[in-house]
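The lines below spell out each chain.
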Amino acid sequence: MLFYSSGCDYEDAPSADPNELYEQALTFIQERSFKQAKPLLEQSIKLYREQNKREQLSNAYLALLKTQIELCEFRSAFLTSKITAAILRKEGNYQGEVKLALLDALLYAALGMNKQAIEKYKTAYAITLAFDDKSASLETQLELANIQNICGDLEEALEIYKQMLTQAQMASDKKNIANALCGIGSIYTKQQRYSEAYNSLSQGLTVISKTSNPLITANLHFELGLLYSAQNNSIAALRDFREAINVLRRARIGKDFEAVILFYYANLFERNGKINEAKRFYNDALEIARALGDQISENYLLLFLVDCNFNSMDAEQQARNVDKLRQSYEQLAKKFHECGNVAGEGYIYNRLGMLYEKSGDLINARSFYLKAVALDQNTLSEYYIDKLHSPFLKALGITSLHSDWYERLSAVFAKLGSDEEALKTLELSRLKKLFVKFQTTDIALRNQKVSDKTKDVRAKIWKAKIIESEYSAKLSRRYAADKHSSKLSMLESKEIIALRSELESAKQIIKSESKQIVNEFQNYETLVMPSPIEISTIKKYMPHGTLAVAFLPVEDFLYIFAINKNQVEVRTSEIRRDSLFQLIAEYKKLMQDPMVYSGDAGEASIPSMMRFAVLSTQLYEYLFRPVDDLFEQNLLIVADDNFNNFPFHAIERQDKKGNVKYLIELMNVDYIPTLASLRYIRASTTRLNQIVAFGNPTGKNWAVDYELRDIRSFFKKASVMVGLESSWNNLKSIRADLLQLSTEFGVSTTDHPLGYIVLSDGLIVEQSTNVPFEKITELDAIPVILLSNNYGHDASISFEHAYLLHLNGTSDVFYNAWIADRKAAKFFSEFFFTHLSNRLAPGDAYRQALLNLIRIREVNHPRSWGQFFHFGVG
């Protein structure tokens, strides 16, 4: 500190040595004294630039970028990155470009923009491969695999860890062998491949024991603790957690990591009912969090301690102290607010709402639920460090979408008899989820009238997210960024106030301009900031003779919302949320069981077949019986994550005489991704003249070839592009009234939020390329699209894909939610196009095709025909 105080005025010291300044800055960075490092780096940069020392200049800029990230100066960091990139390109410094890409990835990860972070890690990796830098290649692979592991892209991460392991073994690099084995073990644990996980982690410990790397050793023990915990082996889990803590303490490093392990250690004690031990170790973690200035961790640990104290009381004591518990929660909500952590603040409001709801005070419950939802609605981004804070979120069941906040508010509105407000809240939750999804998705805006305005608002949202992350980061880490700083300076206070003012101004502009865009073109409402939709508006777009149904499962009830052109009604089924989902999971599992759909086991199949039949009618009783007196000619199911790709149309209704019929036999059953999408402008399906069949890109599936060519039996002028012809260049140039796209659809990953379509590369037979699904929005709106997933992953198409196509102007979307057999796909296609050629509307042709399948013995089981979904109206 004496050096910094006496030498802070470098502006007046023209003889200052930039190398000396730079080296001193690096020392401060090593000590995590970033505020002291920053002015030294800025002055050294100025001098290096004056002396035209490009290599030293780029190194100083890279150090400044790291410093700005640590100080949460994210906007300044983006500018520094841009300047550094220009310098490195002129130098041709590939090693500097790798370092820059890694720092850029760190910057995006700090902002919660994991898609962009992954792209930067991939960029860094590609550079190391181009220059055959094996050491840097291992480093970038580890970082890439780690973030994919965090994001849940497990298969991609596993492949990279394995590739890294092979390379590290060839180089006898024990450190990275252990790192790779640790990553592999972590993924195997998440995939419930416990024996393989144990083998990988044990091998990692054997390898690392021959070196001295306490961080890796501790991480391996920590992952073993997670493995044992997943297997409900608490004694072994506690042993390895304890060993990980001791390794770090002996080495006197990794205090932040130690706090995380202490939390898991304490939480395991709490789950086993050992409250005193839990409190002891929560307090140990709390001391570390305070010492590090990590206010987010501090507040979550205080929450766990409050709950421990309350849960240690008997029922009578709890009843006497419930008011004190509420007071503690309100104090914690204030603390979370002060450190800018929306997840924690909203969670506390939710808990307070639950306490009041449990006591029968629905007015106060509604008040706190409203606070939580308002917080989420006004939040574009918030700062947290995944490695440090996600364990708290996971333990508390807090998701990034905060859907349960909306659901609880919706349920209380329903209890209070405010049916339209309840449905409005539930719909808003769906729109917010899609808004979050499509903010990370590259979508072509084809509506020329509003495309420029929409692009401008999306750019403003992106900038506002950075401001908000910087704002919440500075609040939550204001004492943590520098170990020599213990107070918030007056300048920093002014900066935070200015940031908040700038943020609120930006949000007001975004909200105002978003409403203008939606008023002009409703389809783009989830590409900008969505607003609540009045139910009276939705009623205007409901077709005559149609009832729409949405579901809201809560702890003890299933709320069923029914809306038609005239009214909204809310009915209930008395079934617990977890019980309902257990029945649904069992139904879906049995539907795919050969003993059920084909009777493979003969008489031994009868119990499973009977159970499946019972489940089918039982689910109807819970899902539809309360509202079937409201049924009309058409039924619309509002899709939802909770019931994604569940075949409502395939469950059975049993009448009083014992007659059983599938729901699709009683009426048209179609799906919509949101109620709000009923307002969207869509291409007309009145004339379906231009039919395009497109697919089988590798030419390996002759049955698909045959099926697509067979469309000409019904539409002689249909254009069929298969094999080499099924390339992206051909697809993007088509003009069609109906497109059937038969290929493989890849599952969603962080860098491909909607997965991908497998197409031919157009050059070599059996070669293919992966095209992100969202690129379909570059096509003119096609009225009718069939997505036929013939040999890809089950459940790789969902209502989100249909929603994107509706957004682009498509009227009717059909897809198969899983892969049954070729006969079912062939018969469905044959019947669908037969009825379409007889001038039935697409939705009617779909229903008739399913009714035809039900009458054919080979494919009459719901597994065969239940896979086909229609997203559209009528």
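The shown structure was predicted, so the numbers you read here are calculated from the model rather than taken from an experiment.

It is worth spelling out the packing of aromatic side chains at this point. Under the counting rule described, the total for this entry stands at 51 aromatic pairs. A ring pair is formed by phenylalanine 263 and phenylalanine 304, whose centres lie 5.0 Å apart and whose planes are at 70 degrees; its orientation type is edge-to-face. Of this pair, phenylalanine 263 sits in helix α14 (residues 255-271) while phenylalanine 304 sits in helix α16 (residues 295-311); the two residues are 41 residues apart in sequence, bridging distant segments of the chain. In this pair, the class of phenylalanine 263 matches that of phenylalanine 304, namely buried. Centre to centre, the rings of phenylalanine 646 and phenylalanine 648 are 5.0 Å apart; their planes meet at 85 degrees, and the pair counts as edge-to-face. Here phenylalanine 646 and phenylalanine 648 have matching classes, each one buried. Cation over ring: arginine 326 sits above tyrosine 356, and NZ or CZ is 4.2 Å from the ring centre.

Across a sheet, strands are paired by hydrogen bonds formed along the backbone, either parallel or antiparallel in direction. Read from one edge to the other, the open sheet built from 3 strands follows the order β11-β12-β13, with strand pairing classed as antiparallel. Looking at which strands have only one partner, the edges of the open sheet turn out to be β11 (745-746) and β13 (768-772).

For helix α19 (residues 362-377), spanning 16 residues, the distance from its first C-alpha to its last is 22 Å, which sits close to the expected 22 Å at 1.5 Å a residue. Along its buried surface, α19 packs onto α17 (315-338), α18 (342-358), α21 (403-415) and α22 (419-439).

What follows is about unusual backbone geometry. Leave glycine aside and you will find that most residues have negative phi; peptide bonds, for their part, are mostly trans. Its identity as a non-glycine residue notwithstanding, arginine 32 has a phi of 60 degrees, on the positive side. Within the secondary structure, arginine 32 is located in the loop between α2 (18-30) and α3 (34-50). Of note in this structure, asparagine 645 is not a glycine but carries a positive phi near 60 degrees. Within the secondary structure, asparagine 645 sits in the loop between β4 (634-638) and β5 (652-654). We classify asparagine 645 as buried; its relative accessible area is 10%.

Inspection of the secondary structure assignment puts valine 784 in strand β14 (residues 784-789). Residue classification places valine 784 among the buried positions, given a relative accessible area of 0%. Here the alpha-carbon distance between valine 784 and leucine 292, two residues 492 residues apart in the chain, equals 57 Å. Excluding residues that lie within four positions of it along the chain, valine 784 makes contacts with Thr685, Leu688, Asp737, Leu738, Leu739, Thr810, Asp812, Phe814 and Pro842.

Here histidine 835 lies in helix α33 (residues 822-837). Engagement of the side chain of histidine 835 in a polar contact is seen with the side chain of asparagine 852, the distance being 2.8 Å. Excluding residues that lie within four positions of it along the chain, histidine 835 makes contacts with Leu840, Ala845, Gln848, Ala849 and Asn852.

Here glutamine 439 is to be found in helix α22. The exposure class assigned to glutamine 439 is buried, which follows from its relative accessible area of 18%. Within polar-contact distance, the side chain of glutamine 439 engages the backbone oxygen of leucine 527 at 3.1 Å. Discounting chain neighbours no more than four positions away, the residues touching glutamine 439 are Arg458, Ile461, Lys465, Thr526 and Leu527.

For the protein chain, mean pLDDT is 94; residues scoring 70 or higher make up 97% of the total. Below pLDDT 50 for its whole length, residues 1-13 participates in 13 contacts with residues either more than four positions away or in separate chains. Predicted confidence for residues 479-486 stays below pLDDT 50, and this span has 27 contacts to residues more than four positions away or in other chains.

Criteria and thresholds
Residues numbered from 1 in each chain as written. Predicted model: local features only at pLDDT ≥ 70, side-chain atom pairs only at ≥ 80, totals over all residues. Heavy atoms only, no water. Phe/Tyr/Trp six-rings, centres within 6.5 Å; stacked < 30°, edge-to-face > 60°. Helix = DSSP H or I, 4+ residues; strand = E, 2+ residues; numbered from the N terminus. Buried < 20%, exposed > 50% of the residue type's maximum accessible area, 1.4 Å probe, protein only. Lys NZ or Arg CZ within 6 Å of the ring centre and 35° of its normal. Pairing = 2+ DSSP bridges. Expected span 1.5 Å × (residues − 1). Contact = heavy atoms within 4.5 Å. Polar contact = N/O pair within 3.5 Å; in protein donor to acceptor, adjacent residues only side chain to side chain. pLDDT = per-residue confidence, 0-100.

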